[in-house]
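Close look at the chain arrangement
Next come the chains, spelled out residue by residue.
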Amino acid sequence: MTQEIHTETHELMSPEKNVQRIMWTGTAWFAVAAGSAGLVASTLFASGWRPGVLPPLLDAIWWVGSVLVALSVGLIGWSGCPILEVSVPIADKNKTRTMQFGTALFIIGGALALFAVAAGPAT
């Protein structure tokens, strides 16, 4: 039995539709990512917690995670920006990659930073 492979792109996945979707959802994801990162950081800092209370290894993990989160917010924000670059197909490729990479960095960075906080000393 042979399996048929479809090489046609569905209309919803056309570069034009995909770029429109990423610019809309990227804007929403940017607001959520920036807001949630700000909420967590402001809650921690308002409680009196500082990264300096962590042992050196956890301190380094917290800073790496925090930098990854900051980078991810920038990537997600760029994905939602309504600038099309050179052409729609190039924007589709680049915005798809930065949205995926930004989302992955947000998850990894947030997990690292919160792990460092949770594994650190109780205040």
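For the structure, check the block above.
Residues numbered from 1 in each chain as written. Predicted model: local features only at pLDDT ≥ 70, side-chain atom pairs only at ≥ 80, totals over all residues. Heavy atoms only, no water.

Some points on the packing of helix H1 (residues 15–46) against helix H3 (residues 88–119)
Put simply, H1 and H3 touch, their axes get as near as 10 Å, and they point 20° apart. The angle between H1 and H3 places the two elements in the roughly parallel class. Seen from above, H1 lies across H3 with left-handed handedness. For the contact of H1 with H3, the residue count by class is 15 nonpolar, five polar and three charged. (Axes fitted to C-alpha atoms, helices over the stretch in contact; angles between N-to-C directions. Helix = DSSP H or I, 4+ residues; strand = E, 2+ residues; numbered from the N terminus. Parallel < 35°, antiparallel > 145°, perpendicular 65-115°, else oblique. Left-handed = near helix turned anticlockwise from the far one by under 90°. Nonpolar A, V, L, I, M, F, W, Y, C, P; charged D, E, K, R; others polar.)

A short note on helix H2 (residues 56–80)
Taking 1.5 Å as the rise per residue, H2 with 25 residues should run 36 Å; its terminal C-alpha atoms sit 36 Å apart, in good agreement. Those residues of H2 that fall on the buried side of the exposure criterion are Leu58, Trp62, Gly65, Val69, Ser72, Val73, Leu75, Ile76, Ser79 and Gly80. If you follow the buried residues of H2, they end up packed against H1 and H3. (Expected span 1.5 Å × (residues − 1). Buried < 20%, exposed > 50% of the residue type's maximum accessible area, 1.4 Å probe, protein only. Contact = heavy atoms within 4.5 Å.)

Overview of the environment of glycine 26
Locating glycine 26 in the fold gives a position in helix H1. The buried category is assigned to glycine 26, whose relative accessible area is 0%. With 67 residues separating them along the chain, glycine 26 and lysine 93 place their C-alpha atoms 14 Å apart. Beyond its immediate chain neighbours, meaning those up to four positions away, glycine 26 contacts Arg21, Ile76, Gly80 and Met99.

Geometric values such as these leave the question of function open.
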